[in-house]
Structure formats: structure tokens, C-alpha cells
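Listed below, chain by chain, are the residues.
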Amino acid sequence: MQIHPVGTRALLIELEDLSQVMAWHAALDANPLKDQVDAIAAATTLLLTFATPNSAAAAAEKLQDFHPTAQAGEDPRFVEIDVLYDGEDLDEVAELMGMSREGLIDWHTSTEWLAAFGGFAPGFTYCTPADPAQNFNIERRATPRTAVPAGAVGIAGGFSAVYPRVSPGGWQLLGTTSTPMWESDAHPPALVQPGDRVRYRAVSSLPDVVSTTPFGRRTPARLPRLEVLDAGLLTLFQDQGRPGRGNLGVTPSGAADLAAAATANVAVGNPRGATVLENIGGIRLRALTDAVMCVTGAQSRVLLDDMPVHLARPVLVTAGSTVTVDPATVGLRNYIAIRGGIVADAELGSASTDVLSGLGPAPVRLGDVIGVLPRSTAMTDAQLSNPMRVREGAHGQTEGVLRCVLGPRDDWFTPESLEAFLATEWTVTAQSNRVGVRLVGPEGSVALSRARQGELPSEGMVAGSVQVPPSGEPVIFLRDHAVTGGYPVIATVLEEDIDIAAQLPPGATVRFELA
């Protein structure tokens, strides 16, 4: 057993095999350590996240002598999934396994599968043969598909799973099912839970697939306050997210810049975690009734009709008035809070929009009406400053510095690559979003290279993980990152500096420094 620090608030525990991972996960899920937030199982690792750095440090010490006791579990559930074996990779996989097409189908349907852990996406459950003698280690596709259809049944690396929604993926596809794998209103929301036994059943046809529209559907009562005249490039509802559900494949999500969102709420007298609007590219709103609101985050010009408004200051917007937030000049994201707290459709207890999985309310559009809960909160007397911590560079671009801790997989890289990672001034590419900030080095620079070859089994990820794919160009995971990932993490950005990463627009430059 080895323990690797992941930033300052998480631990990656490297164990011998999947059975040991499942034993540790069951024990720590039933009896969590102090301030433990989440426990994410993977093929040979267990990721534990904690509320504070001190709790993570104390857990690392306590786990040195930890021995999981057998958990008295309930009898396993049996889940049967009907599959139409029409997958694009069926013949290729049969050849790789030295079987006929019919032999592969017979193996897949006669095998009893043990649900080991969730990850990648909500409802995506990694299943392994209950009898290890029936296992085959099938490599992922050399080039992942950009869009795997919902209901696709795939295998890779000794696991089988169903893609619950359209998503990118590199697994080998054997067939299709119309069985819903995820329903947020169900208890539990994932059809297949860790510990379940799964059987696939071959069928000649499937009933019509009931398409599940991404984003939440519930519409709670609300008091109309503002009409959207221009939603900018992207405007989302965000709050503090959905922590503690990683084993269901649900990432925490939440406001990309938590400090800016909290400051906007405090300024108007809301709880720090109330729902806000997160905007990129500017926004224009018209008040339907009197409202108190505040804008924070990126450096932007804010106008109440024609009057300039300071960032991080509450302002009374009378009925009929218009508030305009111009596109940012420094930074990327602005946050808008309204007194009373914005009301939006919720899933799993949060109104955060997760752009990767589709959980939460739909993005804000032209003509939408933003509503709040009716409250009579007194105007706050707090003297607040805008918490943005990026700056304008010499050439007008946004600049940032991110403190980080090396690892947990820095030993996968050459010493020269570790030195280059810290010495390089990286540039943010246009392919960045709430899932991750993609970086490139200066023209002519050498990509980060590995000291170890081979494929890293998927393991748990946290916001702030800096993954390095084979291209050698780093990606900083943000709030909507995948729960698990298969590329080595060279370093982890401190939780306190993820807000800085969230304010880096395309073209911005960033450097890493050791904490």
C-alpha cells in the first residue's frame, strides 16, 4: 500500500488489486475518516478527498496502520440488461480474443459481472467478471470516439459498462441497450450499484429508446425578477455543487470561481452558497420588479442603464432598468447574485449546471426570466473587494500564477519534464471550458515527456489535477472534470488557486510554482 498526496486536500491510495480496493472502499464508505468528503474507487487505487488540509494530513498518518474489516453487506442485487449485439467493434474484439462473433456474445452474456465502482459519468459503472478466470484485458481504441451514443455497451481493460449518455469514449463497443442507467429522481439514481451482480442478455430487438434530455426538469416556484435580453457566450446557473457523489460518477461541479460567487452573494445578503449566474462574454438583463444585485469576478464594465457600477458592490435595480455586463477585459467569468437567491431547476440537491454530464438546469437563454425566492434580507454593510487574482499582462492578456504540489504521478515524467513544467510560461488554448483548461507551450518548446511507458489504469481525479496526455500538453481540470481519468497527473493545483485557473481565458498565460 502506498499513499500519494493529491494537492493538499486529497490522498490517492495505491493498492494491490481491485478486490483490495473494494474492501478499503466499503470500509471507508461505511465509517468515513474525519472530514472525509468523498471516496472514489478505481481499478487499483482509492481516492479520498477531505474538507481541510489538516484532515488530509491526519488521515495519511492514520491510514499507515489501517486494515479494513469485513463489512456485513446485504445480499447482492441482480441486474439484467438486454443488449442488441450490433456494436461497431464486435468483430474486431472477437478477433482480438480469438473467438468467433457468436463466441464473444456467448462469453459476454454467460459471464456474471460484479459491479466494482462508478466513475467517468453519472450511471457509468465499471463491472468486472465475478470469476477472474473469465476475464480478458481488452485495450481501448487507439483513437477515442468523440461521441459514443447513449446506451452503448462496451468493454476495455477487463471491464464492461454501459454509456448512460452521449459522451466521448475509447472503449470497444459490443452492442446497444435501451435500459436507462441513470435517473436523478430514483433512489439510488444509478441502476447498477457497486456490489451488484450484472447479467447481459442478448435480444434480437430493443424497445424504442426513451431519450433522456440533459439538464434538470423540475421547476420550483419562483418570483420573477429579471428578463434576459442577451445571454452572452455562455451563462449558467451555479452554486456550491454536488460534493460527495464521486462513486456515482458525479463530479462536484459548482461555481468555477467559488470566491467570486460567494462574494456576490454576501454583498446582497444571501448565504454564501446561494445560486448565482456564471457568465462568459457579457450579459444584459432587464428588471421586472425592484431587485438588489451584485456583479463580481472578471474585470468588466457594468452599467445600470447608463450609470457605471462597481464590481463587488450591491446596487438597487428598479423595475424597468437595464443592467449590462460587458465582455471581460481581464479574466473570463463574471458572477451575478440577486437578493433572495436565484431559483433554478435542481438535480441531486444542487442547481449547478454540469456541462460534462448534463446534470442541472439548462444554460440561460435569450428571453428567460430569472426568478428568486421572496425574502426580506436587510442590505449588507460588509465592505467587500472583488476577489479576482489574475492580472493584466504587458501585452494586454490575462496572466496568472498557480501554486501546486507535484504528483501524484510525477514519477511518470523525466526530471527534465518536471523542470520544464515549472519553468514554462504556458498559454491557454481556445479548447478550454469548465471541464479543463488546455495549455500549450511557446513555439519551439519541447512537449513534456514520460519516464515510464504504458497505460495508467483509470483513477480518481480532483479539480486542480494537471493531466498530461501523450501529446505532452497539460490540461488543468476544473469543476466539471470527469470523476476518473487515465492520463498521469504531473501536479495538483491547490484548492485555493482553482479560482485563478477558472479566470484564465483563451490566450492567457499561466505559470506553475511549487507551494
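Residues numbered from 1 in each chain as written. Predicted model: local features only at pLDDT ≥ 70, side-chain atom pairs only at ≥ 80, totals over all residues. Heavy atoms only, no water.

Asks: It is not clear to me how the pattern of salt bridges should be interpreted in this structure. Could you clarify?
Replies: Between side chains of opposite charge, a pair can form when the charged atoms approach closely. As enumerated under the stated definition, the model contains 25 salt bridges in all. Close ionic contact of Arg77 with Asp196 constitutes a salt bridge, the shortest N to O distance being 2.5 Å. On the criterion of sequence distance, the pair formed by Arg77 in the loop between helix 2 (53-63) and strand 5 (78-83) and Asp196 in the loop between strand 12 (172-176) and strand 13 (197-202) is long-range, its members being 119 residues apart. Beyond isolated ion pairs, a larger network of salt bridges with shared partners links Glu88, Asp89, Arg141 and Arg145. (Salt bridge = Lys/Arg side-chain N within 4 Å of Asp/Glu carboxyl O. Helix = DSSP H or I, 4+ residues; strand = E, 2+ residues; numbered from the N terminus.)

Asks: I tried to follow the sheet that holds strand 2 (residues 10-14) on my own but got confused; where do I start?
Replies: Pairing between the strands of a sheet is mediated by backbone hydrogen bonds and can be parallel or antiparallel. The antiparallel open sheet is built from four strands, whose spatial order is 1-2-4-3. Of all strands in the sheet, those bounded by a partner on one side alone are strand 1 (2-6) and strand 3 (36-41). Taken pair by pair, the neighbouring strands of this sheet meet at an average axis angle of 20°, ignoring direction. In the sheet, strand 1 pairs with strand 2 via five bridges, with the strands oriented antiparallel. Residue pairing across strands places Gln2 opposite Glu14, the latter belonging to strand 2. Lying on the sheet, helix 1 (residues 18-30) is in contact with strand 2, strand 3 and strand 4 (45-50); it crosses strand 4 at an angle near 25°. (Pairing = 2+ DSSP bridges. Axes fitted to C-alpha atoms, helices over the stretch in contact; angles between N-to-C directions. Contact = heavy atoms within 4.5 Å.)

Asks: When you look at the domain arrangement of the protein in this model, what are you seeing that I'm missing?
Replies: Much of the literature gives interface size as the accessible area that the parts lose upon coming together. What the domain assignment reports for the protein is domain 1 (1-62), domain 2 (77-200), domain 3 (221-370) and domain 4 (389-512). Between domain 1 and domain 3, the contact holds six residues from the first and five residues from the second. For the pair domain 1 and domain 3, the two sides together bury roughly 340 Å², of which 48% comes from carbon and sulfur. Examining the composition of the side of domain 1 that touches domain 3, we find that five residues originate from one element, strand 3, more than from any other. A breakdown of the residues in the side of domain 1 that touches domain 3 according to their chemical character gives four nonpolar, one polar and one charged. (Domains from an automatic or database assignment. Buried area = accessible area lost by both parts, 1.4 Å probe. Nonpolar A, V, L, I, M, F, W, Y, C, P; charged D, E, K, R; others polar.)

Asks: I keep staring at the sheet that holds strand 25 (residues 369-372) and nothing clicks. Help me out?
Replies: Strand order in the open sheet formed by seven strands is 20-19-22-17-14-25-24, and the pairing between neighbours is antiparallel. Of all the strands in the sheet, the pair left with one neighbour each is strand 20 (307-309) and strand 24 (342-343). Here strand 14 (residues 223-230) runs beside strand 17 (residues 283-287); their pairing, made up of four bridges, is antiparallel. Paired with Asp230 across the bridge in strand 17 is Arg284.

Asks: Whenever I open this one, the side chain of Asn265 confuses me. Can you help?
Replies: Here Asn265 is to be found in helix 5 (residues 258-268). Among the polar contacts listed, one links the side chain of Asn265 to the backbone oxygen of Arg272, at a separation of 3.1 Å. With near-sequence residues (within four places) excluded, Asn265 lies in contact with Asn270, Pro271, Arg272, Gly273, Ala274, Thr275, Val276 and Ala337. (Polar contact = N/O pair within 3.5 Å; in protein donor to acceptor, adjacent residues only side chain to side chain.)

Asks: Is there a simple way to think about the pairing of strand 4 in this case?
Replies: Among the six residues in strand 4, six count as buried, and that is most of the element. Here strand 4 shows a buried face lined by Thr45, Leu47 and Thr49 and a second buried face lined by Leu46, Leu48 and Phe50. Alignment of strand 2 against strand 4, held across five bridges, turns out to be antiparallel. Within strand 4, the residue paired with Ile13 across the bridge is Leu46. Where strand 3 meets strand 4, five bridges bridge the pair, whose relative direction is antiparallel. (Buried < 20%, exposed > 50% of the residue type's maximum accessible area, 1.4 Å probe, protein only.)

Asks: In this structure, what is going on with the nonpolar core? I would like to understand it.
Replies: One recurring pattern in soluble globular proteins: nonpolar side chains tend to sit buried together. Counting residues in hydrophobic clusters, the biggest one holds 32 residues, and the most contacted among them are Leu46, Leu48, Leu63, Phe117 and Trp171. Summarising the domain contributions, this core has at least three residues from each of domain 1 (1-62) and domain 2 (77-200). With near-sequence residues (within four places) excluded, Leu63 lies in contact with Met1, Ile3, Leu11, Ile13, Trp24, Leu28, Leu33 and Leu48. (Core = buried A, V, L, I, M, F, W, Y, C linked by side-chain atoms within 4.5 Å.)

Asks: What exactly am I supposed to notice about the environment of Gly297 here?
Replies: Relative to the assigned elements, Gly297 resides in strand 18 (residues 291-299). For Gly297, a relative accessible area of 0% translates into the label buried. Separated by 230 residues in the primary sequence, Gly297 and His67 place their C-alpha atoms 46 Å from one another.

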